[in-house]
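# Structural description and commentary
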Amino acid sequence: MTHVIFTLTRVEAAHLADLVGQFQALVENSEGDPAVDRLTPDVYPDDAEASREFRSVTRDDLLGRRAHDAATVAADLARIETASVNEALSPVDVSIADLEPWLRTLSAIRLVLASRLGIADGAEHDEDDPAYGLYEWLGYRLEGLIQVAENEI
Amino acid sequence: MTTLTNPDTDERLELAPDVPWQTVVWDDPVNLMSYVVRIFREYFGFSHDIATKRMLEVHHDGHAVVAEGAREQMELHAQAMHNYGLWATVRKAPQ
């Protein structure tokens, strides 16, 4: 396990906690949501029946893992002490005992946002959409965490 | 007369093993290249060079074969890739 200190501004940490909370709700009540289907893709693209069978065996396990990972991230973020709104731009350290759930959760949230934004299927997306900024920001923060992890291998 | 130890049959068995399945990872516009390299290193134990080569295959060719073997094993690999958020499928190896 890789223990790291992740430094964010407080307003980022609050946004992240909010996103992770929404993601937890999504994976726990996900029936028929195409964004969640991306987290459990068709394993046999030319064989719908075999894909269905595979998904019926793996889906609950995969979504259970997403929920478990997200709960770990939420718990790490919840350890941040609250501060006044004046402190929004001040840095705060998040102590991460295990980086892997963070990498998987941030990646999964980006997949969901990409699906909502139409990025995943190559459709035109509006780069002025504020959600696109959120998606890019998550990518930037995820890249930073990956670089930290690379230095640990 | 055909015997049970027909050498022709034995040879064919060697040429066509009973494990012609592959795990394939497909390109998507979302997952970061550095993330894909990390997963390939972590999960498959690839060196940094091999992991990067496979990731670039995914990126430029649209997909890469990351494992070959028995069907059940390929399904396990695909499920592991799904666990990381990668888009992985299983197929019969092209003959």
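Not measured: the values here are computed from a predicted model.

Analysis parameters
Residues numbered from 1 in each chain as written. Chains lettered and ligands numbered in written order. Predicted model: local features only at pLDDT ≥ 70, side-chain atom pairs only at ≥ 80, totals over all residues. Helix = DSSP H or I, 4+ residues; strand = E, 2+ residues; numbered from the N terminus. Buried ≥ 20, exposed ≤ 12 C-beta atoms within 10 Å, placed from the backbone. Expected span 1.5 Å × (residues − 1). Bend = angle between axes of the 7 residues up to and from the residue. Contact = placed C-beta atoms within 7 Å. Axes fitted to C-alpha atoms, helices over the stretch in contact; angles between N-to-C directions. Parallel < 35°, antiparallel > 145°, perpendicular 65-115°, else oblique. Left-handed = near helix turned anticlockwise from the far one by under 90°. Nonpolar A, V, L, I, M, F, W, Y, C, P; charged D, E, K, R; others polar.

### Focus: the overall build of chain B
Per the secondary structure count, chain B includes four helices and three strands. Mapped from its N terminus to its C terminus, chain B presents α and β elements in the order α-β-α-α-β-α-β. Within chain B, buried positions represent 34% of all 95 residues.

### Details of helix H3 (residues 48-78) of chain A
Owing to its 3.6 residues per turn, the α-helix aligns residues three or four sequence positions apart on the same side. With 31 residues, H3 of chain A extends 42 Å between its outermost C-alpha atoms, agreeing within 8% with the 45 Å of an ideal straight helix rising 1.5 Å per residue. Residue Thr58 of chain A marks the point of greatest curvature in H3 of chain A, where the axis turns by about 45 degrees. Where H3 of chain A is buried, its residues contact helix H1 (10-28), strand E2 (91-96) and helix H4 (99-117) of chain A together with helix H4 (71-83) of chain B.

### Focus on helix H2 (residues 33-44) of chain B
With twelve residues, H2 of chain B should cover 16 Å at 1.5 Å per step; its first-to-last C-alpha distance of 16 Å lies within 8% of that length. Where H2 of chain B terminates, the next one or two residues include Gly45 of chain B, which has phi positive at roughly 70 degrees.

### A few points about the packing of H2 of chain B against helix H3 (residues 48-61) of chain B
All names here are of chain B. At a minimum axis distance of 8 Å, the contact between H2 and H3 shows a crossing angle of 130 degrees. It follows from the interaxial angle that H2 and H3 lie oblique. Handedness of the crossing formed by H2 with H3: right-handed. Across the interface between the two elements, Met33, Val36, Val37, Phe40 and Arg41 from H2 touch His48, Ala51, Thr52, Arg54, Met55, Val58 and His59 from H3. Taken together, the residues of the contact of H2 with H3 sort by class into seven nonpolar, three polar and two charged.

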